[in-house]
Amino acid sequence: MSSSDAIHGSPVCVRLGFLFTEEKLGQAEKTELDAHLENLLSKAECTKLWTEKIMKQTEVLLQPNPNARIEEFVYEKLDRKAPSRVNNPELLGQYMIDAGNEFGPGTAYGNALIKCGETQKRIGTADRELIQTSAINFLTPLRNFIEGDYKTITKERKLLQNKRLDLDAAKTRLKKAKVAEARAAQLNTSQPEENNIMIWAEEVTKSEQEVRITQSEFDRQAEITRLLLEGISSTHAHHLRCLNDFVEAQMTYYAQCYQYMLDLQKQLGSFPSTFLSNNNQSSTTPVQSVSTPSVLASASASLPSVSNSIVTSGISELKSSSGSRKARVLYDYDAANSSELSLLADEVITVYSIPGMDSDWLMGERGNQKGKVPITYLELLN
């Protein structure tokens, strides 16, 4: 039995594995993917790698307890709601309140403990809100990409690999058939040899048809994979919006905590001097409350109302003025129609706003070319 017959008769997985090994050893022809598709594959792998790292570390930041993270993961996989648990600030707050009541609310220490405990519980509530908001607006979209979009990309990529191996196998059989046909033609033209030539000619014709079919299937699968991979740029834009939501949630949380502690400091600073003295020492000098710089006070007042995007502050200024700015392109963008401008990642263009333009778009200009460009694909330069 010939090598061609042996390959034909083998199970698919063994046949593909055999050919893949030969390609790795340089003993078989390998169809290379075009450079654009290779770049898209590399970009997808990089996106998946860093998305996983950011997602896992964000989970650690929001929930430092590994046992609690495992419990939440199990409940999530079981599609059940995890039982509500008291977080660390709330637990500390409750201990302080209980201790204050035990020591007596009328004592300096007991009263201070109760006030501190109430503040800690408010911080615990803010912490719970931060975790919930971040999970919905930031972690869930990242997880959906890893468990949804990227799994689809991986599946189609494996299909493309199999189609490539099928094409390479067909090319190898055609090459062997042509070599055998040429070798038979060089021998004596006796009747048996003429029959042998005809057999190899038929094999060549059959192999050529198989190459055409496998080439067509490979091209189709490459196009499907390419379209999926080009969606990575949209994924980056979506994750950018989610990142802005995460930043806003953190700003709100830290502003709330700062305000709670500021109020607590004022309450403790207003205690009478006899409450602020040490138990075993008499002192008529009240403890000086730490003065808060006006800059920090104004910052705390403004933090909760900060816009949900650091990027959009510069955009808003640009839209309100009649000037133009330089902007760096973050991702590739293909224009949907003639009114838009196609973009290439890392290039620098001039952008400006015109009256009546949609808030998500700016006018972009590159040499003699100009058109609408999406704001989320840009980074304004100073």
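Provided above is the structure to which this section pertains.
As the structure is a computational prediction, the values presented were derived from the model and not from experiment.

(A) Up close: the overall build of the protein chain. Per the secondary structure count, the protein chain includes eleven helices and five strands. Within the protein chain, the fraction of its 382 residues that count as buried is 33%. Counting contacts in the protein chain only where the partners sit at least 6 residues apart, residues at least 24 apart contribute 69% of the total. For the protein chain, the exposed surface amounts to about 23500 Å²; the carbon and sulfur share of it is 55%.

(B) Quick look at the sheet that holds strand S3 (residues 361-366). Pairing is antiparallel across the open sheet formed by five strands, whose spatial order is S4-S3-S2-S1-S5. The open sheet is flanked by strand S4 (369-374) and strand S5 (378-380), the only strands paired with a single partner. Direction aside, neighbouring strands of the sheet carry axes that sit 40° apart on average. Note that S3 and S4 share six bridges and pair antiparallel. Bridged to Met363 within S4 is Lys372.

(C) Highlighting the side chain of His239. Relative to the helices and strands, His239 resides in helix H8 (residues 232-269). Discounting residues that sit within four places of it in the chain, His239 has contacts with Thr51, Pro141, Leu142 and Phe145.

(D) Representation of the nonpolar core in the model. Ranked by internal contacts, the top residues of the largest apolar core, which has 21 residues, are Leu343, Ile349, Val351, Leu362, Val373, Tyr377 and Leu378. Sorting the residues of this core by element identifies H8, strand S1 (324-329), strand S2 (348-352), S3 and S5 as the ones contributing at least two each. Setting aside anything within four residues of it in sequence, one finds Val351 in contact with Leu318, Ser324, Arg325, Ala327, Leu362, Met363, Gly364, Val373, Leu378 and Leu380. In this structure, Leu41, Tyr150, Ala170 and Ala222 belong to the second largest nonpolar core, which totals 19 residues.

(E) Inspection of a nonpolar patch on the surface at higher detail. On the surface, Leu49, Trp50 and Ile54 cluster together into a nonpolar patch covering about 300 Å² of accessible area. Along the polypeptide, Trp50 turns up in helix H3 (residues 35-62). In this structure Trp50 comes out as partly exposed when scored by relative accessible area, which is 46%.

(F) Representation of the packing of aromatic side chains within the structure. Overall, the coordinates contain seven aromatic pairs when judged by the stated rule. Seen from their ring centres, Phe103 and Tyr109 are 5.5 Å apart, and the 20° between their planes marks the pair as stacked. Exposure remark for Tyr109: the relative accessible area of 51% places this residue in the exposed category. Between Tyr331 and Tyr377, the ring centres sit 5.6 Å apart and the planes meet at 90°, which makes this aromatic pair edge-to-face. You can see Tyr331 sitting in the loop between S1 and S2 and its partner Tyr377 sitting in the loop between S4 and S5, a full 46 residues away along the chain. Cluster of aromatic residues (ring-pair linked, three or more members): Tyr331, Tyr333, Trp361 and Tyr377. Between Lys53 and the ring centre of Trp50, over which it is positioned, the NZ or CZ distance is 4.6 Å. Across from the ring centre of Tyr260, 5.6 Å away, lies the NZ or CZ of Arg122, which sits over that ring.

Conventions we followed
- Residues numbered from 1 in each chain as written.
- Predicted model: local features only at pLDDT ≥ 70, side-chain atom pairs only at ≥ 80, totals over all residues.
- Heavy atoms only, no water.
- Helix = DSSP H or I, 4+ residues; strand = E, 2+ residues; numbered from the N terminus.
- Buried < 20%, exposed > 50% of the residue type's maximum accessible area, 1.4 Å probe, protein only.
- Contact = heavy atoms within 4.5 Å.
- Areas by Shrake-Rupley, 256 points an atom, 1.4 Å probe, with all protein chains shown as cover.
- Pairing = 2+ DSSP bridges.
- Axes fitted to C-alpha atoms, helices over the stretch in contact; angles between N-to-C directions.
- Core = buried A, V, L, I, M, F, W, Y, C linked by side-chain atoms within 4.5 Å.
- Patch = residues over 30% accessible without salt bridge, like charges linked within 9 Å, V, L, I, M, F, W, Y side chains within 5 Å.
- Salt bridge = Lys/Arg side-chain N within 4 Å of Asp/Glu carboxyl O.
- Phe/Tyr/Trp six-rings, centres within 6.5 Å; stacked < 30°, edge-to-face > 60°.
- Lys NZ or Arg CZ within 6 Å of the ring centre and 35° of its normal.

Remember that the coordinates give geometry; whether it matters functionally is a separate question.
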